[in-house]
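The lines below spell out each chain.
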Amino acid sequence: MPDHHLDERSVLGRALLILEAFGVEDQAVGLSELTRRTGLPKATVHRLCRDLVTARLLSSSAEGYRLGRGLFELGMRAATERTLLEVAVPFLQDLFARTRETVHFGVRDGDEVVYISKIGGHRQARAPSRIGGRMPLYCTAIGKALLAHSGPETIDRILAGPLTRRTPRTVVAPGLLRIQLAQVVENGVAYEHEESAIGIGCVAAPVLGTDDRPLAAISVTGPVTRFRPERHAGSVQAAAAGVASILARRAPQTLA
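Everything numeric here is computed off the predicted structure, so don't read it as measured data.

Caption draft 1: Region of the structure containing the nonpolar core. The biggest cluster of nonpolar side chains holds 28 residues, and the ones touching the most others in it are Val103, Phe105, Val207 and Ile218. Setting aside anything within four residues of it in sequence, one finds valine 103 in contact with Leu92, Leu95, Phe96, Ser117, Lys118, Ile119, Ile218, Ser219 and Val220. In terms of nonpolar packing, the next biggest core, distinct from the first, is built from 24 residues, Leu137, Tyr138, Leu181 and Ala190 among them.

As structure tokens, this is what we get:
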């Protein structure tokens with residue numbers, strides 16, 4: 001979870017603590033459990049949850065609290081991601097139709113990839129990704145595609161570590177990663193071979209802005225038992241270039 005640097009003694013800081021206490025798999029979380037997860041006094045959690053329900057950021061039932069629909073509506077107003085998605089989705093759907101493999105669309109947030117779209121069929125790979133989920137830049141194909149074009153200061157900082165080994169195949173040697181990133185810039189695509197999850201292979205291409213900075217990246221993912229990422233490099237590059245072309249013709253200032 002990113003560090004928001006908010007004062008946890010403030011009302012907003014404590015409200016955010018509560019919202020971020022919900023995990024991906026949570027259905028409903030009771031008051032006692034929210035109190036345990038946040039470390040806040042139970043009376044404080046109860047009062048803030050009541051206010052968050054009123055604001056539609058939480059919903060309440062006999063089983064406990066859930067994240068509310070108001071959060072989804074607010075998220076869909078996030079201008080940059082919405083513009084990116086409006087342009088990208090037809091290309092993502094076409095890429096899925098061509099490959100019949102799981103297609104991801106992600107953006108960089110700090111040192112992580114945030115997945116903002118995922119399209120997969122019935123046989124989609126059991127990738128650890130999910131919409132709204134995060135992964136480190138250095139061990140995913142999308143992340144490497146974004147990182148390679150993010151400027152030397154960012155690359156130097158991330159390669160300085162820590163680089164956590166997520167699988168036995170995660171590349172954590174800074175020198176080797178630097179070579180890979182240079183190859184991404186040269187070849188236009190990035191690869192992952194079981195580096196974020198065992199059994200998964202991936203190829204990704206960046207969506208570059210008019211200043212050659214990465215706006216997003218697109219990837220195709222499949223199980224290593226049958227998926228050959230290199231075969232899909234051209235299709236992924238074409239999709240990324242198509243998105244970039246339309247974004248450049250549309251209002252680029254909306255992505256500033």
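There is more to say, and it comes next.
Caption draft 2: Focus on the pairing of strand 6 (residues 190-193). Side-chain alternation along strand 6 places Ala190 and Glu192 on a buried face and Tyr191 and His193 on a face that remains uncovered. In terms of strand pairing, strand 6 meets strand 7 (residues 200-208) through 4 bridges, oriented antiparallel. Residue glutamate 192 lies in a different strand from strand 7, and its bridge partner there is cysteine 202. What sits between the antiparallel neighbours strand 6 and strand 7 is a turn of 6 residues, in which glutamate 194 has the positive phi angle 60°.

Caption draft 3: A look at helix 7 (residues 152-159). Considered for burial, the residues of helix 7 that qualify are Thr154, Ile155, Ile158 and Leu159. Angular distribution of buried residues about the axis of helix 7 spans 120°; they occupy a single face of the element. Of the exposed residues in helix 7, the ones pointing more than 90 degrees away from its buried face are Pro152 and Glu153. The elements touched by buried residues of helix 7 are strand 3 (102-109), helix 6 (141-148) and helix 8 (174-187).

Caption draft 4: A look at the packing of helix 7 against helix 8. Relative to each other, helix 7 and helix 8 sit at 150°, their axes nearing to 10 Å. With respect to helix 8, the element helix 7 is oriented roughly antiparallel. Considering how the two elements wind past one another, helix 7 and helix 8 form a crossing that is right-handed. Contacts between helix 7 and helix 8 involve Ile155, Asp156 and Leu159 from the former and Pro174, Leu177, Arg178 and Leu181 from the latter.

Caption draft 5: Molecular detail of the pairing of strand 2 (residues 64-67). Bridge count for strand 1 (residues 58-61) against strand 2 is 4 bridges, and the pairing is antiparallel. The partner of serine 60 across the bridge, within strand 2, is tyrosine 65. Count of turn residues in the strand 1/strand 2 antiparallel hairpin: 2 residues.

Caption draft 6: How the structure looks around the packing of helix 1 (residues 11-19) against helix 3 (residues 42-54). Contact geometry for helix 1 and helix 3: axes closest at 10 Å, N-to-C directions at 85°. As far as their axial angle goes, helix 3 and helix 1 are roughly perpendicular. Of the residues in helix 3, those touching helix 1 at Val11, Arg14, Ala15, Ile18 and Leu19 are Thr44, Val45, Leu48, Cys49 and Leu52. Here the residues of the contact of helix 1 with helix 3 sort into 8 nonpolar, 1 polar and 1 charged.

Basis of the calculations
Residues numbered from 1 in each chain as written. Predicted model: local features only at pLDDT ≥ 70, side-chain atom pairs only at ≥ 80, totals over all residues. Heavy atoms only, no water. Core = buried A, V, L, I, M, F, W, Y, C linked by side-chain atoms within 4.5 Å. Buried < 20%, exposed > 50% of the residue type's maximum accessible area, 1.4 Å probe, protein only. Contact = heavy atoms within 4.5 Å. Helix = DSSP H or I, 4+ residues; strand = E, 2+ residues; numbered from the N terminus. Pairing = 2+ DSSP bridges. Arc of directions from axis to C-beta. Axes fitted to C-alpha atoms, helices over the stretch in contact; angles between N-to-C directions. Parallel < 35°, antiparallel > 145°, perpendicular 65-115°, else oblique. Left-handed = near helix turned anticlockwise from the far one by under 90°. Nonpolar A, V, L, I, M, F, W, Y, C, P; charged D, E, K, R; others polar.

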